Amino acid sequence: MAILEVNGLKVYFHTRNGVVKAVDNVSFSVDSGETLAIVGESGSGKSVTCYSLLDLLPKPPAKIEGGSALFNGDSLLNCSKEEMRKHRCDDIAIIFQDPMTSLNPYLTVGEQLMEPLVHHPDPARRQSRAIAKEKAIKLLDEVGIINPSLRFDSYPHEFSGGMRQRVMIAMALITEPKLLICDEPTTALDVTIQAQILRLIKQLQKTRNVAVIFISHDLGVVAGIADKVVVMCNGTIRETGDTDGIFYNTSDDYTKKLLAAIPEGAKVLPNRSHADSSLVKVDNLKTYFKNQRSTGEQDRYVKAVDGISLNIARGEILGLVGESGSGKSTLGRAILQLAPTTSGSVTFQDQQLTGLSAQQLFPWRRKMQMIFQDPYASLNPRMTVFETLSEPLLYHGLANKKTVTQQVLQLMDDVGLSQAQMRKYPHEFSGGQRQRIAIGRAVATKPEFIIADEPVSALDVTIQAQILDLILALVERHDLTMMFISHDLSVVRYISDRVVIMNQGVLVEQGSTEAVWSNPEQDYTKKLLSAIPVADPRSERSRNALLD
Amino acid sequence: MSKNTVSLPSKELASGSSLWQDAWIKLRKNHLALFGLGVLIVLIISSLLTPWIAPYSYEAQNLDLGATAPSVSHWLGTDIFGRDMLTRIMYGGRVSLMVGFIATAVALIIGILWGAVAGFFGGKIDAIMMRIVDILYALPFMIFIVLLMVVFGRNILLLFLAIGAVEWLTMARIVRGQVMALRNQEFVEAANSLGLSQWTIIRRHIIPNTLGPVIVYTTLTIPSVMLLEAFLSFLGLGIQPPESSWGLLINYGVETMEEYPWLLIFPGIALSLTLFALNFLGDGLRDALDPRTSKD
Amino acid sequence: MIRFALSRLLQAIPVLLVVITATFFLVHSAPGGPFSADKAVPPEVIKALEAQYKLDQPVWQQYIGYLGDVVRGDFGPSFKYSGRTVNELIAAGLPATAELAFYAMLIAVGIGVLAGVTASLKPNTAQDYIPMSAAMIGICMPSFLLGPLLVLVFGIYLDWLPISGWGDIPGDKILPSITLGTGYAAYIARLSRGGMLEVLSQDYIRTARAKGLSETLVITKHALRGGLIPVVAFLGPAFAGLLGGSFVVETIFQIPGLGRFYVQAAFNRDYTLILGMTVFFSTLIIVFNLLSDMLAIWLNPKLRHEIGGNK
């Protein structure tokens, strides 16, 4: 018996620039105890669909133009404010992507948990604070918060990201809803935490027999958790079906494109490294920052990089893997002399870089460059593409006023940008195009060594694939050596010859990529590898069965 | 890889729309801000041309006439010495506006330099510089200004300096905040990785991105400064006769407001309208330069 | 939190020292002394007066002597009002000014927050434009313009309210309080509107609604707390401004308060009175700033833990 039935839903946004059809004729249904995954890239309309069920869209621009949504036979789109409050409280709960901004920082966690019980829209069902507190503590325990009665009086900022998400789940389930909507709940979490939260949701679904709608762009996550899948693109549904059918037997082009874009398996291109010729040598590098909030001798310093030694051979692509807070970005910047070095050394082509003055460093700068993570922040918003790309050429004397235009046009060609866009500004491009500009700037001075710091993490999956291919092509053509930093293990596996795992400022393990993958030695590495979701429902199921 | 390496003739290049152009488009749609801009332009032109376009001479008294209500020959009436109010208000506006611009310029220069240096170099330099700002912020400036004006006599130059000395603090804070935020942006890191000199980075990457808030705040400082000048003149501590500013005119108007209310009302409207216009313009600029609001 | 307060108070001492020193030397460097304006007084009498008030000593000596007195809480005798000490004069003028500032603050915060929050609930509609336009007018009409206008309309033309004095005739506190408070009410209205709009676009407001809470609860319990923080931060500067604004208002409405005394003292070159009142005002402002900062910290749980230390 379908607990939620959506039919022909249409949600349009009326902006001054015209009408945006965010959701256009979408239909699906969910049964109790079933998990429906809605998959799509950004702008596909997956979140808007679910927000419209609970009337959470800003009403002036958004308007529900048609269709129906029935929850247990009641219409959600045409109900009164009172009825909607009841649905939100009793029947349908939703958890959001970013638990830090989704919890009120000014109220204790316990207070926020109790609210739906204490302020229930139906006066007959309101509960006293004492009873509500008991229930809240019990639920905190159920979602895995240690010391629940103590933590009841804590504030959101006192929890870690994973813990906060558990609190959000508790808050959602406290009124025992029949449908739980999860809007990208693990996207902002580390891979190991993500695995825990997904397990928690599955477990809670079983014990409470709720229906779950799981929104995500990550097909790996979806493979492990969904019974049914709906694929959305540009506001419409491209395909609906059970999980196995979608992953193994799809006939839709877009779904095929999505599946193909996921980096999978080992690196295909040949390893071009000259194993005996070391280009970059890092020796016991330490980068400590002063801790502003230290309370004693113990935590006087934040040890971002704590004694790292490694070698990068000429021509190789070294993958640097770590979760957030591991110090991988700091290491990359320290190698490039963009972050201070507390002790240790970095040598490039037999020249020690640490300790050089800015002037002495200058001739080496053009040989090593960086590609940054955020395509929106890594370009000066007030410079045109031409100005951004010509700056390195002119500054390092690789072109003069007469020749620079030609070289810039060639660069744009190399990175796949239309030459006619040369006079445009960054905000007029999409994320993927901006990243191309940033890559163009990095290769402009024909460097020998490039550090790519999470260059595709902020991009949609289909764009990711394109940019990764662009990077690989450039590495090949210009004979580059690269250090590729990422938290996404699948991407790293796809692109790196050797891999180095980092945790809390230290190297945990290193080795050739396939060796580390098939035979991880350290516990941390094993934990990391086992947490990666794979876009293969059968293997996910067997893995889950092993864990239960 | 394309084999096309010939540069395109420039007319085939798509022209980009810079953030300034986008801001202008947004501003044009804000009618109140445009009104403010219009008033400002009228005011500036009128102030510049006053000696030529004022209906009467500045000192021309007509003691027989005395104070008269608005009439055809004196659109805004006359004061108790028979002087034409329209002329008085125009000249007063000149002074008020001049004080406004100059004092703001003083505050701007000191504030930007201070804030930029503190924000860009950070560390100890920043700590010391901002400590000074914090201490100065805590001082009761109104009181000091009153003191200064009384003590050093009514020197118009000192007036500018005193007012500028109050306003630069907030400008310094704003600029420092902007510069610090920019310093950590990835495009500045990219400039560093290219080996650009500090000065080049400041000139090409930091300053153009700081201009937005600076412009907004400058536009909002001018009315604040004009208000301060009027306040001081009202207390008798600012502009001294024979010069007059709107504050002084309001002071005279208050004295005789029961019998000749227009002597108070017209200068009052002039001041309020100008403040109104500038504030709306400043608000409009703030919204227009905010990258979050779309131009569509 | 105590440590924070103490450290701020300690930091305030050098600030006060700077204030005293600067004021002292400023005042003493002004041309003319407190007695030179009285032309009718023969020179020998002036010399005797100056000796009595220690004005014939070298400036440095006067300075040290003054510091010593201040530490003991003695601001000395007034030069102009013979026979009365500065402490007495401050005590005499303080009640009126304090009450005026209090009522003005009440108006400013009460009306300001009400207007600003109401406007933020339905942005870009009449509910927003009307209060905010009124606020803009309030900001652009300085107290020395508003005051006389109110006097003209309500005091003279309509004759509804008294226009001078404080506490003498019932209702004479209304116009001055409104005059002083309106400008700040307008500014606070804009601040609270801005703060509320910022908060209302946050994710946690969406969460609160998604839980099925009533809109009233969402606004009062979830939004106000964060939305009014800019107002709390402004309380310190507002207080300093009110003190300064009292100069004008007390002059217009003939209120026997500290503001009026201060301006007159400045004109009269009454050194001790100027110094005493400056130190007094500065101390008040510093304390008020500290209180409002502490309030702002206390309202934000994250800061409360960082700075307060304990949980």
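In every chain, residue numbers begin from 1 and rise along the written sequence. Each chain gets a letter, beginning with A, and each ligand a number, beginning with 1, in the order they are written. Predicted model: local features are reported for residues with pLDDT of at least 70 only, side-chain atom pairs are reported and counted for 80 or more only, and whole-chain, interface and lining totals are derived from all residues.

### Some points on the overall build of chain C
Argument step 1. For chain C, the helix and strand inventory stands at 13 helices and 0 strands.
Argument step 2. Each helix is a run of DSSP H or I of at least 4 residues and each strand a run of E of at least 2, with the numbering of both proceeding from the N terminus. N-terminal to C-terminal, the α/β element order of chain C is α-α-α-α-α-α-α-α-α-α-α-α-α.
Argument step 3. Each principal axis of the C-alpha atoms in chain C carries an extent, and together these give about 85 × 60 × 30 Å.
Argument step 4. Sequence separation of 24 or more characterises 72% of the internal contacts of chain C that already satisfy a separation of 6 or more. Each residue is represented by a C-beta atom placed from its backbone, and any two residues with such atoms within 7 Å are regarded as in contact.

### Quick notes on the pairing of strand S1 (residues 2-15) of chain A
All names here are of chain A.
Argument step 1. Strands are treated as partners if at least two bridges between them are detected by DSSP. Both S1 and strand S2 (residues 18-31) contribute to a ladder of 11 bridges, which runs antiparallel. If you follow Tyr12 over to S2, its bridge partner there is Lys21.
Argument step 2. Remark: 2 residues form the turn of the hairpin made by S1 and S2, two consecutive strands paired antiparallel.

### Here we look at the confidence of the model for chain B
All names here are of chain B.
Argument step 1. Overall, the predicted model of chain B reaches an average pLDDT of 82, with 92% of residues at or above 70.
Argument step 2. The element-level mean pLDDT for chain B is lowest in helix H5 (residues 141-151), coming to 71, with helix H7 (residues 186-193) highest at 91.
Argument step 3. pLDDT is defined as a per-residue confidence score from the predictor, taking values between 0 and 100. Taken together, the stretch residues 1-7 has pLDDT below 50 and engages in 10 contacts with residues farther than four places along the chain or on a different chain.

### Focus on the nonpolar core
Argument step 1. Note on terminology: a nonpolar core is a set of buried residues of type Ala, Val, Leu, Ile, Met, Phe, Trp, Tyr or Cys, with members joined through C-beta atoms within 7 Å. A residue is called partly exposed when the number of other C-beta atoms within 10 Å of its own lies between 12 and 20, exposed at 12 or fewer, and buried at 20 or more, with C-beta atoms placed from the backbone. By size, the foremost hydrophobic cluster in this structure holds 315 residues, and its most contacted members are Ile213 and Phe484 of chain A, Ile250 of chain B together with Ile188 of chain C.
Argument step 2. For this core, the element with the highest residue contribution is helix H4 (residues 86-121) of chain C, accounting for 15 residues.
Argument step 3. Counting only domains with at least three residues in this core, you end up with domain 1 (4-261) and domain 2 (274-367 + 445-542) of chain A. Throughout, the edges of the domains are those of an automatic or database domain assignment.

### A few points about the interface of chain A and chain B
Argument step 1. The partner chain B presents 28 residues to the 36 residues of chain A that form the contact.
Argument step 2. For the side of chain A that touches chain B, the secondary-structure elements that each account for two or more residues are helix H13 (358-365), strand S16 (368-371), helix H14 (385-395) and helix H15 (404-414) of chain A.
Argument step 3. It is H15 of chain A that provides the largest number of residues to the side of chain A that touches chain B, a total of 6 residues.
Argument step 4. By residue class, the composition of the side of chain A that touches chain B is 15 nonpolar, 11 polar and 10 charged. Residue type decides the class: Asp, Glu, Lys and Arg count as charged, Ala, Val, Leu, Ile, Met, Phe, Trp, Tyr, Cys and Pro as nonpolar, and the leftover types, Gly among them, as polar.

### Describing helix H12 (residues 328-335) of chain A
Residue and element names in this part refer to chain A.
Argument step 1. For H12, the buried fraction is high: 8 of the 8 residues fall into the buried class.
Argument step 2. For H12, the set of buried residues is Lys328, Ser329, Thr330, Leu331, Gly332, Arg333, Ala334 and Ile335.
Argument step 3. Looking one or two residues beyond H12, the residue adopting positive phi is Gln337, at roughly 65 degrees.

### Structural notes on the environment of Gln165 of chain A
Residues and elements named next belong to chain A.
Argument step 1. Among the secondary structure elements, Gln165 is positioned in helix H7 (residues 161-173).
Argument step 2. Along the sequence, Gln165 and Glu521 sit 356 residues apart, while their C-alpha atoms lie 31 Å from each other.
Argument step 3. Filtering out sequence-adjacent residues up to four positions away, Gln165 remains in contact with Pro99, Pro185, Leu189 and Ile197.

### Notes on the interface of chain B and chain C
Quoted interface sizes are often the accessible area lost when the parts come together.
Argument step 1. Contacts between the two partners involve 27 residues from chain B, matched on the other side by 30 residues from chain C.
Argument step 2. Put simply, the parts of the chain that give the side of chain B that touches chain C at least two residues each are helix H4 (123-138), H5, helix H8 (198-235), helix H9 (246-255) and helix H10 (262-289) of chain B.
Argument step 3. Counting residues per element, the side of chain B that touches chain C draws most heavily on H10 of chain B, which supplies 7 residues.
Argument step 4. Residues of the side of chain B that touches chain C, tallied by class, amount to 23 nonpolar, 3 polar and 1 charged.

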